[in-house]
Amino acid sequence: MPTFVYMTRCDGCGHCVDICPSDIMHIDKTYRRAYNIEPNMCWECYSCVKACPQNAIDVRGYADFAPLGHSVRVLREEGKNTISWKVKFRNGHEKNFVSPIRTTPWGSIKAPEDYDIPDETALKNQELAHEPESLNIDGLPTLKPDQLKLGVV
Ligand code: SF4
Ligand code: SF4
């Protein structure tokens, strides 16, 4: 479900460019408006949709997945601290969800270079880089051998 931009709403602020994990939201050099340069590579993560202050980005469903008449709309309202989802199915059925916006201020998450460089023992550790600190927990849950079930023998 690649994204597309309503050019008349976009003001070229670049938030979608900054947040896109696939690096496919770019600013057109002539029109100074955002566009999706490679729709096939869209993760459908909706990050740009939620980040856009102008509500200028929408997502187009692939015909085999969501044919004819469906829609998914997302509205981020900072004043209310909410993100609202409206999902409309082909048969007219609607589902609405409201979630809180996480309170982490924009740009406040530590970047990888802000963490200490791991030493060589990290190579034998099952934790991913910067875990558990980056998850804001003291340690990951572990299973003891007697908690494991035997598989098919
Ligand atoms: Fe990028 Fe995600 Fe937006 Fe797709 S939905 S353009 S991957 S931010
Ligand atoms: Fe345009 Fe919205 Fe992207 Fe800003 S975040 S450049 S307004 S589409």
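Conventions used here
Residues numbered from 1 in each chain as written. Chains lettered and ligands numbered in written order. Predicted model: local features only at pLDDT ≥ 70, side-chain atom pairs only at ≥ 80, totals over all residues. Heavy atoms only, no water. Phe/Tyr/Trp six-rings, centres within 6.5 Å; stacked < 30°, edge-to-face > 60°. Helix = DSSP H or I, 4+ residues; strand = E, 2+ residues; numbered from the N terminus. Buried < 20%, exposed > 50% of the residue type's maximum accessible area, 1.4 Å probe, protein only. Domains from an automatic or database assignment. pLDDT = per-residue confidence, 0-100. Pairing = 2+ DSSP bridges. Axes fitted to C-alpha atoms, helices over the stretch in contact; angles between N-to-C directions. Patch = residues over 30% accessible without salt bridge, like charges linked within 9 Å, V, L, I, M, F, W, Y side chains within 5 Å. Areas by Shrake-Rupley, 256 points an atom, 1.4 Å probe, with all protein chains shown as cover. Salt bridge = Lys/Arg side-chain N within 4 Å of Asp/Glu carboxyl O. Near = heavy atom within 4 Å. Nonpolar A, V, L, I, M, F, W, Y, C, P; charged D, E, K, R; others polar. Core = buried A, V, L, I, M, F, W, Y, C linked by side-chain atoms within 4.5 Å. Contact = heavy atoms within 4.5 Å.

*Asks:* Describe the packing of aromatic side chains, with residues and values.
*Replies:* Taken as a whole and judged by the stated rule, the model has two aromatic pairs. For the pair Phe4 and Tyr6, a centre-to-centre distance of 5.2 Å together with 75° between the ring planes defines the contact as edge-to-face. Each ring, one from Tyr46 and one from Trp85, has its centre 5.0 Å from the other, and the planes form 55°; the classification is tilted. With Tyr46 in the loop between β3 (34-36) and α2 (47-51) and Trp85 in strand β6 (residues 82-88), the pair connects residues that are 39 residues apart, well separated along the chain. Its relative accessible area of 21% is what places Trp85 among the partly exposed residues.

*Asks:* Report on the domain arrangement of the chain, specifying residues and quantitative values.
*Replies:* For the chain, the assigned domains read domain 1 (3-100) and domain 2 (112-147). Distance from the C-alpha centre of domain 1 to the C-alpha centre of domain 2: 34 Å.

*Asks:* If you had to explain the confidence of the model for the chain to someone new, which residues and values would you point to?
*Replies:* Residues of the chain with pLDDT of at least 70 account for 92%, and the chain-wide mean is 86. Per-residue pLDDT, averaged within each element of the chain, yields its smallest value for strand β5 (residues 71-77) (85) and its largest for strand β2 (residues 25-27) (97).

*Asks:* I'd like a rundown of the sheet that holds β6, residues and numbers included.
*Replies:* Read from one edge to the other, the open sheet built from three strands follows the order β5-β6-β7, with strand pairing classed as antiparallel. Whereas interior strands pair on both sides, the edge strands pair on one side only; in this sheet they are β5 and β7 (94-100). If you compare each strand with its neighbour and ignore which way they point, the axes differ by 15° on average. In the sheet, β5 pairs with β6 via seven bridges, with the strands oriented antiparallel. Its bridge partner being in β6, Val74 is matched across the sheet by Trp85.

*Asks:* I'd like to hear about a nonpolar patch on the surface, residue by residue, with values.
*Replies:* A contiguous nonpolar surface patch, about 250 Å² in accessible area, is contributed by Met7, Tyr35 and Ile37. Residue Tyr35 is classed as partly exposed on the basis of its relative accessible area, which comes to 33%.

*Asks:* Could you give me a rundown of the site of ligand 2, with the residues and numbers involved?
*Replies:* Looking at ligand 2, there are 14 residues lining it, with Cys10, Cys13, Gly14, Cys16 and Cys52 nearest. Class assignment for the residues of the shell around ligand 2 results in nine nonpolar, four polar and one charged.

*Asks:* Mind laying out the nonpolar core, listing which residues take part and the relevant values?
*Replies:* Side chains of a nonpolar character, in soluble globular proteins, are inclined to be buried together. Grouped together as the largest cluster of nonpolar side chains are 20 residues, with contacts concentrated most on Val5, Met25, Val49 and Ile57. Not counting residues within four places of it along the chain, the set of residues in contact with Met25 comprises Thr3, Val5, Cys16, Val17, Cys20, Ala34, Tyr35, Asn36, Cys48 and Ile57.

*Asks:* If you had to explain the site of ligand 1 to someone new, which residues and values would you point to?
*Replies:* Residues in contact with ligand 1 amount to 13 residues; listed here are only the nearest, Cys20, Cys42, Trp43, Cys45 and Cys48. Classifying every residue of the shell around ligand 1 gives nine nonpolar, three polar and one charged.

*Asks:* For the pattern of salt bridges, give the residues involved together with the corresponding values.
*Replies:* Overall, the coordinates contain five salt bridges when judged by the stated rule. Arg73 serves as the salt-bridge partner of Asp58, at 3.1 Å between the closest nitrogen and oxygen. With Asp58 in strand β4 (residues 57-59) and Arg73 in strand β5, the pair connects residues that are 15 residues apart, well separated along the chain. Residues Arg76 and Glu78 are paired through a salt bridge, measuring 2.6 Å at the closest nitrogen-oxygen approach.

*Asks:* Now, about unusual backbone geometry: what can you tell me, with residues and values included?
*Replies:* The amide bond that connects Glu131 to the next residue, Pro132, takes the cis arrangement and shows omega of 0°. By the secondary structure assignment, Pro132 is in the segment after β7. A positive phi angle is found at Asp23, which is not glycine, with a value near 55°. In this structure, Asp23 sits in the loop between α1 (15-19) and β2. The phi dihedral of Asn136 falls on the positive side, at around 60°, and the residue is not glycine.

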